[in-house]
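Observations on the model geometry
Chain by chain, the residues:
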Amino acid sequence: MAASAALMMSTALVTVVAAQEKVLRIGMTAADIPRTHGQPDQGFEGNRFTGIPMYDGLTNWDLSSADKASVVIPGLALEWAVDANDKTKWVFKLRPGVKFQDGSPFNADAVVWNVEKVLKKDAPHFAPDQVGVTVSRMPTLKEAKKVDDLTVELYTTEPDSFLPINLTNLFMASPTHWKTKLDAIPASVTDPAERAKQAWLAFAGDPSGTGPFKGVKLTPRERFEMVPNKAYWDPKRVPKVDRVVLLPLPDANARTAALLSGQVDWIEAPAPDALPQIKAKSFTVYANPQPHVWPWQLSFADGSPWLDKRVRHAANLCINRDELKTLLNGLMGVPKGTVSPDHPWWGNPSFDIKYDPAAAKKLMTEAGFSASKPLKVKVQTSASGSGQMQPIPMNEFVQQALKDCFFDVELDVIEWNTLFTNWRKGAKDESARGAHAINVTFATMDPFFAMVRFTSTKTFPPVSNNWGYFGNAEFDGLISNARTTFNPADRDKALAALHKRIVEEAPFVWVAHDVGPRAMSPKVKGVVQPKSWFIDIAPMSVE
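Throughout what follows, the structure given in this document is the object of discussion.

Okay, the state of the cysteines next. For the coordinates displayed, the defined rule picks out one disulfide. Residue pairing for cysteine 318: its cysteine sulfur links by disulfide to cysteine 405, the two sulfurs lying 1.8 Å apart. Its S-S torsion of about 85° marks the bond between cysteine 318 and cysteine 405 as right-handed, since a negative value means left-handed. Taken together, the residues cysteine 318 in the loop between helix H10 (309–317) and helix H11 (321–327) and cysteine 405 in the loop between helix H13 (391–403) and strand S15 (407–414) connect sequence positions 87 residues apart. The buried category is assigned to cysteine 318, whose relative accessible area is 3%.

Further remarks concern the sheet that holds strand S10 (residues 243–248). An order of S8-S9-S10-S1-S11-S19-S12 is seen for the seven strands of this open sheet, with the pairing classed as mixed. The open sheet has two free edges, formed respectively by strand S8 (213–219) and strand S12 (284–286), since each of these has just one partner strand. Averaged over all pairs of adjacent strands, the angle between their axes in this sheet comes to 20°, without regard to strand direction. Where strand S1 (residues 23–28) meets S10, six bridges bridge the pair, whose relative direction is parallel. Within the sheet, the bridge partner assigned to valine 23 lies in S10 and is arginine 243. With respect to the sheet, helix H2 (residues 43–51) is in contact with S1, strand S9 (223–228), S10, strand S11 (266–268) and strand S19 (518–520), its orientation differing from that of S11 by roughly 160°.

Moving on to the environment of valine 244. The topology assignment puts valine 244 in strand S10. Separated by 47 residues in sequence, valine 244 and proline 291 have C-alpha atoms that sit 26 Å apart. Non-local contacts of valine 244, meaning those with residues more than four positions away in its chain, are made with Leu24, Ile26, Phe213, Phe224, Glu225, Met226 and Ile537.

Turning next to helix H4 (residues 128–135). When we look at burial in H4, the residues that qualify are Gln130, Val133, Thr134 and Val135. Contacts made by the buried residues of H4 are with helix H3 (108–119), helix H7 (192–205) and helix H14 (416–425).

For the pair helix H6 (residues 175–183) and H7, interaxial distance at closest approach is 8 Å and the crossing angle is 120°. Considered as vectors, H6 and H7 are oriented oblique to each other. Relative to H7, H6 is oriented so that their crossing is right-handed. Packed against H6, whose contacting residues are His177, Trp178, Lys181 and Leu182, the element H7 presents Arg195, Ala196, Ala199, Trp200, Ala202 and Phe203 at the interface.

Counting residues in each nonpolar core, the largest one holds 117 residues, and the members touching the most others are Leu24, Trp296, Trp306 and Phe407. It is helix H15 (residues 447–455) that provides the largest number of residues to this core, a total of six residues. Non-local contacts of phenylalanine 407, meaning those with residues more than four positions away in its chain, are made with Trp306, Val311, Ala314, Ala315, Met364, Pro374, Leu375, Val377 and Leu402. Counting 25 residues, the second largest nonpolar core, distinct from the first, contains Leu58, Phe100, Val111 and Leu141.

All right, on to the sheet that holds strand S5 (residues 89–94) then. The sheet built from four strands is open, its strands ordered S4-S5-S7-S6 with antiparallel pairing. In this open sheet, the two strands that pair with only one neighbour each are strand S4 (77–82) and strand S6 (141–148). With strand direction ignored, the average angle separating the axes of adjacent strands in the sheet is 20°. Inspection of the sheet shows S4 paired to S5 by five bridges, in the antiparallel sense. By the bridge assignment for S5, glutamate 79 is matched with lysine 93. Relative to S6, H3 is tilted by about 160°, and along the sheet it contacts S5, S6 and strand S7 (151–156).

This part takes up H7. For H7, spanning 14 residues, the distance from its first C-alpha to its last is 20 Å, which sits close to the expected 20 Å at 1.5 Å a residue. Listed in full, the buried residues belonging to H7 are Arg195, Ala196, Ala199, Trp200, Phe203 and Ala204. Along its buried surface, H7 packs onto H3, H4, H6 and S8.

Relative to each other, helix H16 (residues 473–483) and helix H17 (residues 488–505) sit at 155°, their axes nearing to 8 Å. One finds that H16 runs roughly antiparallel with respect to H17. As for the relative orientation of H16 and H17, their crossing is left-handed in sense. Taken together, the residues of H17 that come into contact with H16 (itself represented by Glu474, Phe475, Leu478, Ile479, Asn481 and Ala482) are Arg491, Ala494, Leu495, Ala497, Leu498, Arg501, Ile502 and Glu505.

We now examine the pattern of salt bridges. Taken as a whole and judged by the stated rule, the model has 32 salt bridges. Aspartate 109 is paired through a salt bridge with lysine 146; the nearest N and O atoms lie 3.2 Å apart. Highlighted residues: aspartate 109 in helix H3 and lysine 146 in strand S6, separated in sequence by 37 residues. The class of lysine 146 is partly exposed, set by a relative accessible area of 39%. Among the ionic pairs, glutamate 158 bridges to lysine 458, the shortest N-O distance being 3.2 Å. Linking glutamate 158 in the loop between S7 and helix H5 (163–166) with lysine 458 in the loop between H15 and H16, this pair joins segments that are 300 residues apart in sequence. We classify glutamate 158 as buried; its relative accessible area is 18%. What emerges from the salt-bridge pattern is a single network uniting Lys309, Arg312, Glu474, Lys500, Arg501, Glu504 and Glu505.

The element S7 is extensively covered by neighbouring structure, given that six of its six residues are classed as buried. With burial as the criterion, each face of S7 is covered, one bearing Thr151, Glu153 and Tyr155 and the other bearing Val152, Leu154 and Thr156. Sheet topology note: the S5/S7 ladder contains five bridges and is antiparallel. Looking at S7, one finds that lysine 93 is bridged to threonine 151. Note: S6 against S7, six bridges, orientation antiparallel. Across the sheet, aspartate 148 pairs through a bridge with threonine 151, a residue of S7.

Now for the side chain of asparagine 166. Counting through the fold element by element, asparagine 166 comes out in helix H5. Residue class for asparagine 166 comes out buried when judged on its relative accessible area of 0%. Filtering out sequence-adjacent residues up to four positions away, asparagine 166 remains in contact with Arg137, Met138, Asp160, Asp446, Phe448 and Phe449.

What counts and how
Residues numbered from 1 in each chain as written. Predicted model: local features only at pLDDT ≥ 70, side-chain atom pairs only at ≥ 80, totals over all residues. Heavy atoms only, no water. Disulfide = S-S within 2.5 Å. Helix = DSSP H or I, 4+ residues; strand = E, 2+ residues; numbered from the N terminus. Buried < 20%, exposed > 50% of the residue type's maximum accessible area, 1.4 Å probe, protein only. Pairing = 2+ DSSP bridges. Axes fitted to C-alpha atoms, helices over the stretch in contact; angles between N-to-C directions. Contact = heavy atoms within 4.5 Å. Parallel < 35°, antiparallel > 145°, perpendicular 65-115°, else oblique. Left-handed = near helix turned anticlockwise from the far one by under 90°. Core = buried A, V, L, I, M, F, W, Y, C linked by side-chain atoms within 4.5 Å. Expected span 1.5 Å × (residues − 1). Salt bridge = Lys/Arg side-chain N within 4 Å of Asp/Glu carboxyl O.

What follows is the structure, given as structure tokens:
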């Protein structure tokens, strides 16, 4: 009897302890858990939920303010500078005393190793599946060299003032921990590439970065769990929750139902028509204007219907974005271009993006189209995904709007991560399935992400995301001028000249700016919704 009573008391104690664990459960828009090995997929939702929480870059984003624009701050590098005599050489001074979650030291060797994992094809740890989501975001990075334990040199293929910003996307994984995974692979597996692949797969199930959270349980397509890294180098970001659980919930209505029923504490992109119910039940809805665009990116391949600028301008003039904003319950911004008129990169373009259906119809008539002879266009999109907001109703709204201006729009809806992969393959690839436009949202936090990768002839597929093959000598010159300008104020002027010409040439149909809506339980405290596509989980708590 005594033993039975002791067992009952022990069980009760375990139950109480478990009940006291502070767990934050997040419903993502992604259909799968973003990769956990240090270079996430699933777009920037991957960076937000398995990148930034578990890893650091040499540079990080400051996500501590809801009022100020996010800027790049020191991460694992304390300082950096371009060489005065060689603008393709950068020197980074590293943060001392930092350790990976497996206890091994972070140092210059680790930086070189992480650069080589995506750039050096003959490196034993080369990871082909990490290249696309990394190199396309920093295409000029060429090489890393160790100077001493806390100093590393990075080299670019050409002078590139954007490099420190781009490096926020290169997350540092533990070389020592990866090596233990490699050593555990049976000797019967002899092919070096296969051994590396299996080591990275094992690493993903038991990751080790330097970030505030440590991944502890991965069930693909179902859930991922993280616990605090109590030894994190930045005391302000040592987590306050005991566990974070990520759950893929790609359907907006399913996400909303999960929040309302208490299955999760936080959802991305709630269903707009459910906002009154969400607020009535005391959940908090967070939103903030973000550097993030919801567009159609247009094809300039031979035979594309978008080669006529009149058609591109007409499409931009035929959408009543205020009406779409009402449809989304206010959860969007109305764009005038890739950046807003108050942004230092604005440039005052001569083409004004607005709702003017009469002007749109006039342009379409001049281009040879009418109600009886509409222009057929095919657009590839997704049913969900990182930053896609509400892609089906939004695309159907645009489809109907353009019908009034003599467009016959066909929507090709595919899975989000497949769409994101297709984005790098380009309009000429068979993955486009004959599409003349692709609907992939993108962040505009830095010059390369906002403009360069869509307008440079050097970023044609598969190098980066110039899916539509837009670009010419004029744009290459504007980009080169901005990229080789290292004074911030002068660089802003050069980028404004680039943005002006982008809007005037209209390689996009600009539909919306995201405001990053997310709904959370009132139990979640310490939330800062920054003016960024990202958000920092580490300072949050659960009552």
